[in-house]
Amino acid sequence: MDSTWVAKELSWLSFNERVLQEAADPSVPIIQRIRYLGIFSNNLDEFFRVRVADVRRLAVFSAASKQDEYKALMEEIRQKVLKLQQRFDVVYRENLKELRRRKIYLINEKQLDDAQTNYVRSYFHSHIQQELIPIILDDGNPIPELNESSIYLAIRLGYESQTRFALLEIPTSRLDRFIRIPGRKGKRGKVLIALENMIRVCLPEVFRGIFPLETADAYTIKLTRDAELELSEEVTHTFVEKMTQSLKRRKKGDPVRFVYDAAMPNDLLDYLVKRLGLGKLDSMIPGGRYHNSKDFMRFPNLGPSYLDAKALPTIPVPVIDKAANILSCLRDQDILLYYPYHSFNYLTDLLKTAAIDPAVKSIKASLYRVASNSHVVDALLNAVANHKEVTVVVELQARFDEEANIALSQRLTDGGVNVILGVPGLKVHSKLISIVRQEGSVQRYYTHVGTGNFNEKTATVYTDFSLLTYDQEIGDEVAKVFDFIAYNYKRHEFNHLGVSPLNSRERLLALVKAEIHNAKKGDECGITLKCNNLVDRELIDLLYEASSAGVPVRLIVRGMCSLVPGVVGLSENIEAISIVDGFLEHPRVYIFRNAGEPRYFISSADLMTRNIDFRVEVTCPIYSKSLQKMLQSIIDLQWADNVKARIIDASQSNSFRTRKKSGGKIRSQGQTYKFLSTGKLPRMAKLDYKPRLGKAKKKRKKSGG
């Protein structure tokens, strides 16, 4: 086993374990804990569709010498998932017990009294039956393609000494998964039942008397498929048609996971395994009778408000609020917004203001994921109506949003927007807006560079930074990025921005090497990287070198971290934490101490090879001293977190940071809200940025070596 590297897939499962920790934390409001179960399940779905599917392909198609390695990894993944699934089932039962304590009951069909049964039957006939499309299975015909976003009932029918099998999709796209029904007579409390259990009550009626049924038993199953898209490298006028075909292929992708009710009889299980073509490399996961637990993300709160997470009002930005308009405000100073603490409305206001300002000549924006009813899109279309030249880059390969983005590109085109459908062979993941305004005899740039998508919905639950700037040099370089996207054979010089795939790697590595140089000179040095994922091998090896040179390296990594901190002689100067709390930590922030003149960057790029080398990403410096101070304070709060921070180490135990008896609690998200509201920070330990020698080097120094 390589002690310097953690497989990114295993590291990702460790991240999802942190989500499950939140679902089990009694200090988290119970409804929020139920929703964390949904987040865990939703994450696991995507993990199998993307990560496991990729390892599975490697196990089949890589060189013979590597196949055993990938097969062993597949088995490690399977064992880890089984352990997590068992833990999930325990947490699920504990949370149901807590709901019952609060007089909220999630019951099954066997727990109904006569009055409730009559209500369920009536509801079934009036709301559910017309939505059901049962499929009788037989060997003479193929099983229809299963919708992987759905759960199915696998049904065993018994009649006249015969056994038949059937499948029934649970229509959760049209009906709520959890339906409130009357409580028991004379009993207090609020009662919910799952949609599939309502169907179980009336299962014989699904088949409308066609079979003289003696028995009808149903077991939930769920199939997850490979989500890889097969796309040509060449973007042509037929690109949308190619994408549409690729989406159709995804629906027929190879199965990578089959989750089934452990109580399912062997004859039905064997039949499904055979007919679905499941093989040795496919993960077979037995579980309880409930699957697609991602639906818990929408679990209703039927109790008092304190059972759910408390929504915080957004924090006003006085410099914007007091200005005549947001464009005039930017002429005076740069602004750094931090969602969801600040309102995303400031960003849409920027676009709406530009759309009606007669002096604004053009607007360019890159859209990766947008909300379904996007005010950003509305503002861009309004700008066209106000005779602005509007160009929008729509990334059709935004995973799982492809269909929505095809429709978006058509809507924008119909509205008169000049739409660019990405770059051949590269995903456009940068978060850019470039506004050109005529001011006297010159045209000036108003620019946005961000870490997150232009999406009002996710901006209420993801933390992300938006830099709004009137800096003309940065504005000119962002305009060059749009030029590269439109004409990717062009090569521009970038003095300020790191732009993937053009110069990001050399810039990032040069910044790390500069800190190594500072350490060797005895100057102040240090590296702080906040990101979602750290898995690039070359960067990790260089961070190990920095640690060995005495550079203190602090990592705040939400998800995958292939680097192993704290290894003597290798990474003893590297510490890493992961914060999982009510908001999903999404920004990328890179800080380098630079011999006492720190350099600050925000970025759309995670520290993954694909983001550094194979996507269009932008890393932008923060030059404003006041914004640097704001950014440093937020990162310091995160580093001081002793409530929601887990330690990332070789054991991947996800242990929480120990809190000193003399020190107070620091929950960084809550303290960040307080800091942005009042400017006040709690007492935190000061960080040392002097070079630190490892134990091995200290011994050599003492011995004169």
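Above this text is the structure in question.
Overview of the packing of aromatic side chains
One pair of aromatic rings is described through two measures. These are the centre distance and the angle between the planes.
Thought 1: Counted under the stated rule, the structure contains 21 aromatic pairs.
Thought 2: Ring centres of Trp12 and Phe15 lie 6.0 Å apart, and the angle between their planes is 75°; on these two criteria the pair is classed as edge-to-face. Here Trp12 pairs with Phe15, and both are found in helix H1 (residues 8-24), just three residues apart, close to one helical turn. For the pair formed by Trp12 and Phe15, the shared burial category is buried.
Thought 3: When the ring of Tyr92 is compared with that of Phe296, the centres are 5.7 Å apart and the planes differ by 45°; the resulting orientation is tilted. One end of the pair, Tyr92, is in helix H3 (residues 64-101); the other, Phe296, is in the loop between strand E9 (283-287) and helix H9 (318-321), and 204 residues separate them in sequence.

Things to note about the packing of helix H2 (residues 30-61) against H3
Thought 1: Between H2 and H3, the shortest axis-to-axis distance is 11 Å and the interhelical angle comes to 170°. In this view, H2 runs roughly antiparallel relative to H3, as classed from their interaxial angle. Judged by the twist between their axes, the crossing of H2 over H3 is left-handed.

Regarding the side chain of Ser578
Thought 1: Locating Ser578 in the fold gives a position in strand E21 (residues 574-579).
Thought 2: Among the polar contacts made by the side chain of Ser578, one reaches the side chain of Arg18 at a distance of 2.9 Å.
Thought 3: From its side chain, Ser578 meets the backbone oxygen of Val557 in a polar contact 3.0 Å long.
Thought 4: Once residues within four sequence positions are removed from consideration, Ser578 is found in contact with Arg18, Val557, Arg558, Lys644, Ala645, Arg646 and Ile648.

Structural notes on the nonpolar core
Thought 1: Counting residues in hydrophobic clusters, the biggest one holds 48 residues, and the most contacted among them are Leu37, Phe47 and Ile77.
Thought 2: Broken down by secondary-structure element, the contributors of at least two residues to this core are H1, H2, H3, strand E1 (104-107) and strand E8 (255-261).
Thought 3: At 13 residues, H2 tops the list of elements feeding residues into this core.
Thought 4: Not counting residues within four places of it along the chain, the set of residues in contact with Ile77 comprises Glu9, Leu10, Leu13, Phe47, Val52 and Val55.
Thought 5: By size, the runner-up hydrophobic cluster in this structure holds 45 residues, among which are Phe583, Ile622, Met630 and Trp639.

What about unusual backbone geometry?
Thought 1: The omega torsion across Tyr339 and Pro340 is 0°, close enough to zero to call that bond cis.
Thought 2: If you trace the backbone, Pro340 turns up in the loop between strand E10 (335-339) and helix H11 (345-356).
Thought 3: The residue after Ser500, namely Pro501, is reached through a cis peptide bond having omega 5°.
Thought 4: Along the chain, the position of Pro501 falls in the loop between strand E18 (498-500) and helix H15 (504-521).
Thought 5: Non-glycine residue Ala595 carries a positive phi angle of around 55°.
Thought 6: Following the sequence through the fold, Ala595 ends up in the loop between strand E23 (588-592) and strand E24 (599-603).
Thought 7: A positive phi is found at Gln652, a non-glycine position, where the angle reads about 50°.
Thought 8: Secondary-structure assignment places Gln652 in the loop between strand E26 (645-647) and helix H19 (668-678).

As for the pairing of strand E11 (residues 360-367)
When a strand is regular, its side chains alternate between the sheet's two faces.
Thought 1: With respect to burial, E11 is a largely interior element, six of its eight residues being buried.
Thought 2: Sheet analysis places E11 next to strand E15 (residues 431-439), joined by five bridges and oriented antiparallel. By the bridge assignment, Ser362 is partnered in E15 with Val436.
Thought 3: As defined by bridge partners, E11 adjoins strand E12 (residues 389-394) across six bridges and the pair is classed as parallel. Bridge pairing in E12 links Leu367 to Val394.
Thought 4: In terms of handedness, the path from E11 via helix H12 (residues 375-385) over to E12 forms a crossover that is right-handed.

So, how was this worked out
- Within any chain, residue numbers begin from 1 and follow the written order of that chain's sequence.
- Owing to the predicted nature of the model, reporting of local features is limited to residues with pLDDT of at least 70; listing and counting of side-chain atom pairs is limited to 80 or more, with chain, interface and lining totals taken over all residues.
- In computing side-chain properties, one takes all heavy atoms of the structure into account and sets aside hydrogens as well as water.
- Aromatic pairing here means that ring centres of Phe, Tyr or Trp (its six-membered ring) are within 6.5 Å. Orientation follows from the plane angle: under 30 degrees is stacked, over 60 is edge-to-face, and everything else is tilted.
- Secondary structure elements are defined from DSSP: runs of H or I of at least 4 residues count as helices, runs of E of at least 2 residues count as strands, and each element is numbered from the N terminus.
- Partly exposed describes any residue whose relative accessible area lies between the buried limit of under 20% and the exposed limit of over 50%, with all areas from a 1.4 Å probe on protein chains only and scaled to the type maximum.
- For helices, the fitted axis covers only the stretch in contact; all axes are lines through C-alpha atoms, and the angles between them, taken along N-to-C directions, range from 0 to 180 degrees.
- In this scheme, roughly parallel covers angles under 35 degrees and roughly antiparallel covers those over 145, while 65 to 115 is roughly perpendicular and the rest are oblique.
- Note: crossing handedness is left-handed where the near helix turns anticlockwise from the far helix by less than a right angle, and right-handed where it turns clockwise.
- N or O atoms closer than or at 3.5 Å make up a polar contact, with two conditions inside protein: a donor-capable atom paired with an acceptor-capable one, and, for residues adjacent in sequence, both atoms drawn from side chains.
- Throughout, a contact is declared for two residues whenever any of their heavy atoms are within 4.5 Å.
- Definition used in this section: a nonpolar core is a set of buried Ala, Val, Leu, Ile, Met, Phe, Trp, Tyr and Cys residues joined via side-chain atoms within 4.5 Å.
- At least two bridges found by DSSP between two strands are what make those strands a pair.
- By convention, a crossover is right-handed whenever its connection, traced from the first strand over the helix to the second and viewed with the strands pointing away, goes clockwise.

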